[in-house]
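# Report on the structure
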Amino acid sequence: MADDALHRMRHSCAHVMAAAVQTLFPGTKFGVGPAISNGFFYDVLTPEPLTEADLGRIEDEMRRIVKKRLKLERREVDVDEALELMRAGKQDFKVELLDLLKSKGSTAVAAETGDEDAVADGVDTVSFYTIAGFTDLCRGPHVDHTGQVGAFKLRSIAGAYWRGDQRNPQMQRLYGLCFATDEDLKQEIWRQEEAAKRDHRKLGREMDLFHFQEEAPGAVFWHAKGWTLFQTLIGYMRTRFKRARYQEVDAPQLMDRALWEASGHWANYKKNMFTTEIVDEERTFALKPMNCPGHCQIFKQGIKSYRDLPVRIAEFGRVHRFEASGALHGLLRVRAFTQDDSHIFITEAQLAEVAKQICEFILSIYRDFGFTDIAIKLSDRPAERIGTDEAWDYAENSLKAALDAAGLPWTLNPGEGAFYGPKLEFVLRDALGRDWQCGTLQVDPNLPSRLGVSYVGQDGTKQIPIMLHQANFGSLERFTGILIEHYAGAFPTWLAPLQVMVVPIADRHLDYAYDVADRLAAADIRVEVDASAERMQKKIRNAQMQKVPYMLVVGDKEAEQGMAAVRLRSGKDLGAIVIDDVIERITQEVRTRQDIVVAEPADATAEAAA
Ligand SMILES: [Zn+2]
Ligand SMILES: [Zn+2]
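Residues take numbers from 1 onward in each chain, read along the sequence in its written order. To read the labels, note that chains go from A and ligands from 1, taken in the order they are written. It should be noted that, the model being predicted, local features are given only for residues of pLDDT at least 70 and side-chain atom pairs only at 80 or more, the latter also being counted only at that level, while totals for whole chains, interfaces and linings use all residues.

### A few points about the sheet that holds strand E28 (residues 573–578)
The criterion for strand pairing is that DSSP finds at least two bridges linking the strands in question. Think of it this way: any DSSP run of H or I at least four residues long counts as a helix, any run of E at least two long counts as a strand, and we number them from the N terminus. What the five strands build is an open sheet, ordered E25-E24-E26-E27-E28; its pairing is mixed. Only two strands of the sheet have a single neighbouring strand rather than two, namely strand E25 (527–529) and E28. Between one strand axis and the next, the sheet turns through 25° on average, direction left out of account. Where strand E24 (residues 500–504) lies against strand E26 (residues 550–554), five bridges are found, and the strand directions are parallel. Within the sheet, the bridge partner assigned to Val500 lies in E26 and is Tyr550. Residues are scored as being in contact if the C-beta atoms we place from backbone atoms lie within 7 Å. Axes here mean lines fitted to C-alpha atoms, for a helix over just the part in contact, with angles spanning 0 to 180 degrees between N-to-C directions. Along the sheet, helix H17 (residues 536–545) contacts E24, E26 and strand E27 (563–568); its crossing angle with E24, the most-contacted strand, is approximately 170°. Along the sheet, helix H19 (residues 579–592) makes contact with E24, E26, E27 and E28, crossing E28 at roughly 120°.

So, in structure tokens, the structure goes:
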């Protein structure tokens, strides 16, 4: 398979880099060097720390090795002999790996080595690969000779603790890209540079959307513009919920540990939960990490009959989950976030039909945000699970039936379901080809019974409903981050935090500028006036930097005629338009969630309102 071939190239390339490092920096101790999704890395401990400036030298040495087309020679070695060899070479990290391999087998080191066919028992023999005098412990497989490692480029150096543990020695991780062709490599370099330009943390600062600070790790300080964007997402979803007959609720942030004990979170999820105590009462509370137990409490109020089902409960629920501070990453990985979370209580017989509705619901949401390339994954029963095989068969088959009825292609994630039920995951591909798992649909026959949730069945007996956990955006914070990068901050008009900047040419046009802004604001358009002392061209550039979709330039002529010279952030000049028509145009873009495509070519002249 092509993927395997690429994986072999990347992994072999890691060996070539290690051989080059050893040649240039004798005495280097080597950790592990697996292939990764776009290349490889190798953890090394050189006698003197490496700097970015060394990467060029290492690359040059790698090219020399590649040119020689050296064979990657494999030999089987008795594990004790291997230990001897690595001890003699003072390769302390390899010695540690070999000790683990000998006593515990390759699963003990699989996380570090990236070994996919790990065996759990201790091993007697290991394999060594040698190129250019550099011998490495490795299972292979590799390419035949160094001429086949493909197109590569060393990208960066990062600190890395040996085996990912900060009590261990700190090493340096050298990252390289590796692809089958120069073309593919160039494409990836472009993609990475584009991703850096679109980094939501950078744009968040430049566009004044949000910030983080040390007092609240992993929690967002939303600024006015970012909060406007966030609220636009909520407003959109609220409308969608209403139209699909979901009931929006709000459940408490802090709830007694007894509830979390009943739900099972206290036993299984406590290490991710923030807890709190209050001096006057001897009770422990936890900040909710999930909304489901709260929704079960709401469902339980009053008696429900089978005639009431499905009951769809939705909440923009703010949840807190502990994440190690090193894992936090802007809006994409936080500790406090808002889910567009819903729980649908159904009878067993309703599963396939309701699941189909949810799939269609989620996909239509992504379409509205410009995502059309969506992959759906079905995760089925894991090895460790509760529930009968019949119940699993029924739940899995219902999800498959739902997908098929909706005409949606899907792939299987074998054994990746939760311990209580199967799930669907919706993965969307952004403008840079990156995949983001956002929506989920999870079948749960377990929690309702744990929390005493029931309804009266057709025969008058007490029945336990199935609960479906549904998330569409997933985390709104994360989805906002994804959108910022997907659109590179240039949101379509309906999402743009600021839709219009009115630019008066001179101070004497300020009154008219505010008059225009008032009329737009009255039509629910998000508008500001640039009343700064900057020159007009600078004001236009500033608005373009802020990625404001519309700039309305107003001077004497426009004021006289009740018009504005309309420019788009792309630089396109739409000429003078009467204000009512501007309002109509923007209102239409917001209503349809589609920017009007401008056919004529961009106007190259900068003088919009001369
Ligand atoms: Zn290898
Ligand atoms: Zn849930």
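### Section: the pairing of strand E4 (residues 73–78)
Counting other C-beta atoms within 10 Å of each residue's C-beta, where C-beta atoms are placed from the backbone, gives the exposure class: buried for 20 or more, exposed for 12 or fewer, partly exposed between. Counting buried positions along E4 gives zero out of six residues, so the element sits mostly on the surface. As judged from the six bridges shared by E4 and strand E5 (residues 125–131), these two strands associate in the antiparallel manner. Within the sheet, the bridge partner assigned to Asp78 lies in E5 and is Thr125.

### Description of the sheet that holds E5
If you walk across this open sheet you meet the three strands as E4-E5-E6, and the pairing is antiparallel. Each edge of the open sheet is held by one strand with a lone partner, namely E4 and strand E6 (134–137). Across the sheet, the mean angle from the axis of one strand to that of its neighbour is 30°, orientation sign disregarded. In terms of strand pairing, E5 meets E6 through four bridges, oriented antiparallel. When the sheet's bridge partners are listed, Thr130 is paired in E6 with Thr135. Of the strands in this sheet, E4, E5 and E6 touch helix H3 (residues 79–88), which is tilted by about 110° from E4.

### Concerning the domain arrangement of the chain
Domain boundaries shown here were taken from an automatic or database domain assignment. Examined at the domain level, the chain breaks down into domain 1 (2–196), domain 2 (205–253 + 288–486) and domain 3 (500–592). Spacing between the C-alpha centres of domain 1 and domain 2 amounts to 40 Å.

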